[in-house]
2 protein chains.
Amino acid sequence: MATELPKVLVIGSGGVGTIAALSLTLNGKAEVTMVVRSAYEQVMKDGYTVKLVTYGSFDNWRPHHVSSTVEKAESDHGPFDFLVLTTKNIPDGSMTCEQIIAPAVSKKTTIVLVQNGIGIDEPMKAAFPENILLLGILLIGSTLKGTLVDNIYKDQLILSPFANDGHSHEEVMSRVNLFAELYKNADPEVNYVRVEENSKKSRWEKLVYNAVLNTICALTGLDVNRCQIAGANKDLFMPAMKEVVAIAASEGINLDDEICYKMMHIGDGLFYAPSMLVDLNKKQLCEVEVILGYPLKFAERNGVYAPILSTVYQLLKIKQLHLKEEKGMITINLEDFQGYNSDDYPQRLEELQKK
Amino acid sequence: MATELPKVLVIGSGGVGTIAALSLTLNGKAEVTMVVRSAYEQVMKDGYTVKLVTYGSFDNWRPHHVSSTVEKAESDHGPFDFLVLTTKNIPDGSMTCEQIIAPAVSKKTTIVLVQNGIGIDEPMKAAFPENILLLGILLIGSTLKGTLVDNIYKDQLILSPFANDGHSHEEVMSRVNLFAELYKNADPEVNYVRVEENSKKSRWEKLVYNAVLNTICALTGLDVNRCQIAGANKDLFMPAMKEVVAIAASEGINLDDEICYKMMHIGDGLFYAPSMLVDLNKKQLCEVEVILGYPLKFAERNGVYAPILSTVYQLLKIKQLHLKEEKGMITINLEDFQGYNSDDYPQRLEELQKK
């Protein structure tokens, strides 16, 4: 391998991270390291089994380097030109994204957040004020089961600058364009990179899908099409999507009218389980805050009434509490709550957690 | 046993039905038959194990007669003076309540519906226009696991006439009072019967609990107190309860202001799983129509906006579809839907079911 290639670190070895590492590796323009935690031994031994609608199938596939921790990746293969973060963003989880990536961020590192949600740039910029921050939206519909990766759409990356006060526009856009170059395959049928100078619109568009279909499938345990068989399009999906459009509008982002229809029908006939449902079935925490909590804060601030999204948010917060209990992140002892008014239970939990 | 005692048939051998049969039997003023389907052999052999906060504990308990079907109950122990129906009311299930009870309804039978929901009297009255129809609301918090019955509150029965055009007020009230007499224990600490001439208010009050706590626990899979630990009281339970109160008001039923607070706190510290969650965990269909669907029809008719209840209703309908599929009541083959617009999936399911 030519050592002069830009070094890219991919953190987050789920469906999206694995595809990102694969795209970058296959294109041959970057030296790619991926952090793989729980499946490290298996990936080192047998690699991934890849079955993709576009890239084709590979057995025993691995990027150039695999490390078991972010620290080891940095010391063995860093410093990195680009750090691509594809983990879920769960500010209410055990570690924030800023804490996760810190060991591999040097002054020259451009951070590429390939994550869902709204409002995720602010804590990142606060933690690494000198680094250039880019945003990637990857539309792919990939899943990872063990070390088997598959996908159902073409790999489409929308890339844009994020929160970059203090850097010139030219400097930032040169990083955007360099990363696009590393990622984009010569054959546009294989993958597709679109550079946008302002990604807010794409981001809110993706939220139309995520805040509605992703959350409701997670809550009910069913794939999108089964929800639709139960009649969800008319009385649940469409009015909830219009709430997202209204919140976006209150933030100055005017989405096209067709976006709701497009997102609602993007999976017709696929009987596809969205990522939040997959996570929940794996007993993993879900991105309830960045998908619903932050947007609903904008709604409240701007006086937008979003009762369906609010209800779904409250219900998912209950599910999330349950997950935290199942994972041992919190402990609920009945006797710690008995004798208290249930209005005070949330505060009581906080007090108990501090002990 | 004195053969001149009034004959009572209890249909529905869950927590509520078993307690009703127990109360009626222990009071000694009626000859009690209960229909027990799936647990028939076990109940005939070993009876029930009863552990009640009020009635005490009994091993090997049985009412006077146990029958395996409604038809056998009628032919072996009928005709009945009172038929107490304590099954769930699921008009979208495999058999309506009217179909279930028909074999044991004779001209003299007074039908006592001890069921949840709003709007359940109309189909019953249409099927049996000559029979007197009473309504019972049983507040008890009982559960049945196998043949073990327990409860957490005192047995409180609210009894009233229901839809009885064509019968004199005196005739109807004499049946109400007779049934109250059969049910009421001499010791008011053991159980409690309140006769109400109009039960609509009690019914809507119970709906404040059922339409909100019962449904949301079922959806999220958590008991009431855990939902409250996640913060549900303020942003979910209370506003949803106020929607029930608004719908009731639009039907001319003015509930007391305290009812929401009372219902929200009735289970503080009990970590109690409401019946719909228990049903759902047992993969049983839930009463989504009589608890939410019918009340929301009133809301629509009367122009009351109830977005939280509507959202919960739509989500529960999705859960119900899933249950029907798991129980084999419907079959969903992916290829039957592929190539169709998902807006048309509900109609497509109907067409496929008819085949």
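Residues numbered from 1 in each chain as written. Chains lettered and ligands numbered in written order. Predicted model: local features only at pLDDT ≥ 70, side-chain atom pairs only at ≥ 80, totals over all residues. Heavy atoms only, no water.

**A few points about the nonpolar core**
The tendency in soluble globular proteins is for nonpolar side chains to be buried as a group. Worth spelling out the cut-off: Put simply, a nonpolar core is a bunch of buried Ala, Val, Leu, Ile, Met, Phe, Trp, Tyr and Cys residues held in one set by side-chain atoms that sit within 4.5 Å of each other. Exposed residues in this analysis have more than 50% of their type's maximum accessible area, buried residues have under 20%, and partly exposed residues fall in between, with area computed by a 1.4 Å probe over protein chains only. Whether two residues are in contact is decided by their heavy atoms: any pair within 4.5 Å suffices.
Among the nonpolar cores identified, the biggest contains 170 residues, and I101(A), W204(A), I101(B) and W204(B) are the most heavily contacted of them. Contact partners of I101(B), with chain neighbours within four places excluded, come to I11(B), V70(B), L83(B), L85(B), I111(B), M124(B) and F128(B).

**With respect to the UniProt feature "domain: Ketopantoate reductase C-terminal" (unreviewed entry) in chain A**
Condition: UniProt positions are given in the numbering used here, feature names are shortened, and annotations may be inferred rather than shown by experiment. Numbering of helices and strands runs from the N terminus; a helix is a DSSP stretch of H or I covering at least four residues, while a strand is a stretch of E covering at least two.
Taking the UniProt record as the reference, the feature "domain: Ketopantoate reductase C-terminal" (unreviewed entry) is found at residues 200-320 of chain A. Between the end C-alpha atoms of residues 200-320 of chain A the distance is 27 Å, and the span holds 74% helix and 0% strand.

**Some thoughts on the relation of the copies chain B and chain A**
Here the second copy of the chain follows from the first by a rotation about an axis and a shift along it. Heads up, the rule is: Residues below a pLDDT of 70 in either copy are left out; the C-alpha atoms of the rest, at least 70 in both, set the least-squares superposition of the copies.
For the match of chain B to chain A, the screw axis carries a shift of 0.0 Å, the RMSD comes to 0.1 Å, and the turn is 180 degrees. Taken together, the rotation and translation relating the two chain copies correspond to the operation of a two-fold axis. Of all interface residues in chain B, 100% are interface residues in chain A too; the two copies therefore contact each other through one and the same surface.

**Overview of the sheet that holds strand β7 (residues 110-113) of chain A**
All names here are of chain A. Spelled out, the test is: The pairing criterion for strands is at least two bridges between them, as found by DSSP. The angle between two axes is taken between their N-to-C directions and runs from 0 to 180 degrees, where each axis is a line fitted to C-alpha atoms and a helix contributes only its stretch in contact.
Strands sit in the order β5-β2-β1-β6-β7-β8-β11-β12 across an open sheet of eight strands; the sheet is mixed. Each edge of the sheet is formed by a strand with only one pairing partner; in this case those strands are β5 (65-67) and β12 (191-195). The average angle at which neighbouring strand axes cross in this sheet is 20 degrees, direction not considered. Judged from the three bridges that link them, β7 and strand β8 (residues 133-139) form a sheet pairing that is parallel. When the bridges of β8 are listed, V112 appears paired with L134. Along the sheet, helix α1 (residues 15-27) makes contact with β1 (7-11), β2 (31-35), β8, β11 (155-161) and β12, crossing β2 at roughly 160 degrees.

**Observations concerning the packing of helix α7 (residues 200-220) of chain B against helix α10 (residues 258-265) of chain B**
Between two packed helices, what matters for the description is the angle formed by their axes and the separation of those axes. All names here are of chain B. Heads up, the condition is: Roughly parallel here means an angle under 35 degrees, roughly antiparallel means over 145, roughly perpendicular means 65 to 115, and every remaining angle is called oblique. Left-handed describes a crossing whose near helix is turned anticlockwise from the far helix by less than a right angle; the clockwise case is right-handed.
Taken N-terminus to C-terminus, the directions of α7 and α10 make an angle of 50 degrees; their axes are 9 Å apart at the nearest point. When the axis of α7 is compared with that of α10, the two are oblique. In the crossing of α7 with α10, the sense of the turn from one axis to the other is right-handed. Together, E205, K206, V208, Y209 and L213 of α7 and I259, C260, M263 and M264 of α10 make up the contact between the two elements.

**A closer look at the sheet that holds strand β6 (residues 82-85) of chain B**
All names here are of chain B. Ordered by their spatial adjacency, eight strands build an open sheet running β5-β2-β1-β6-β7-β8-β11-β12, and the pairing between neighbours is mixed. Edge positions in the sheet fall to β5 (65-67) and β12 (191-195), since each has one partner strand and no second. Taking each pair of neighbouring strands and ignoring which way they run, the sheet shows an average axis angle of 20 degrees. Contacts between helix α6 (residues 169-183) and the sheet are confined to β1 (7-11), β6, β7 (110-113), β8 (133-139), β11 (155-161) and β12, with β11 contributing the most and set at about 165 degrees to the helix.

**Some words on the confidence of the model for chain A**
Operational definition: The pLDDT value tells you how sure the predictor is about a given residue, anywhere from 0 up to 100.
Predicted confidence across chain A gives a mean pLDDT of 91, with 97% of residues reaching 70 or more. Summarising per-element confidence for chain A, the mean pLDDT is lowest in strand β9 (residues 142-145) of chain A (72) and highest in strand β6 (residues 82-85) of chain A (98).

**Points about the packing of aromatic side chains**
Stated formally: Pairing of aromatic rings covers Phe, Tyr and the six-membered ring of Trp, with a centre-to-centre limit of 6.5 Å; geometry is then stacked below 30 degrees between planes, edge-to-face above 60, and tilted otherwise. Geometrically, a lysine NZ or arginine CZ counts as sitting over a ring once it is within 6 Å of the ring centre and also within 35 degrees of the ring normal.
Scanning the entire structure with this criterion turns up 13 aromatic pairs over all chains. Pairing W204(A) with F298(A) gives two aromatic rings, centres 6.2 Å apart and planes at 45 degrees, and the pair type is tilted. Here W204(A) is found in helix α7 (residues 200-220), whereas its partner F298(A) is found in helix α12 (residues 288-302), with 94 residues between them in sequence. You can call F298(A) buried: its relative accessible area is 15%. Arranged with centres 6.3 Å apart and planes meeting at 50 degrees, the rings of Y305(A) and Y305(B) form a pair that is tilted. Here Y305(B) lies in the loop between α12 (288-302) and α13 (307-326) and Y305(A) lies in the loop between α12 and α13 (307-326), a pairing that spans two chains. Comparing Y305(A) with Y305(B) shows no difference in burial state: the two are exposed. Clustering of aromatic rings is evident, with ring pairs tying together F82(A), F179(A) and Y183(A). The lysine or arginine in question, R175(A), covers the ring of F82(A), its NZ or CZ lying 4.5 Å from the ring centre.

**A word on the side chain of E243(B)**
All names here are of chain B. The condition that has to hold: For the charge count, each Lys or Arg is scored as positive and each Asp or Glu as negative, with His and the chain ends excluded. Only one rule defines a salt bridge in this text: a Lys or Arg side-chain nitrogen within 4 Å of an Asp or Glu carboxyl oxygen.
Structurally, E243 is set in helix α9 (residues 232-250). In this structure E243 is buried but unpaired, with K242 as the nearest side chain of opposite charge at 11 Å. Dropping the residues within four chain positions of it, E243 is found in contact with A306, P307, I308 and L309.

**Brief notes about the pairing of strand β3 (residues 48-52) of chain B**
Residue and element names in this part refer to chain B. Of the two faces of β3, only one is covered, namely that formed by Y48, V50 and L52; the face formed by T49 and K51 stays uncovered. Of the pairings in the sheet, the one linking β3 to strand β4 (residues 56-61) comprises four bridges and is antiparallel in character. Bridge pairing links K51 to S57 in β4. As paired strands, β3 and strand β10 (residues 148-151) are joined by three bridges and run parallel to one another.

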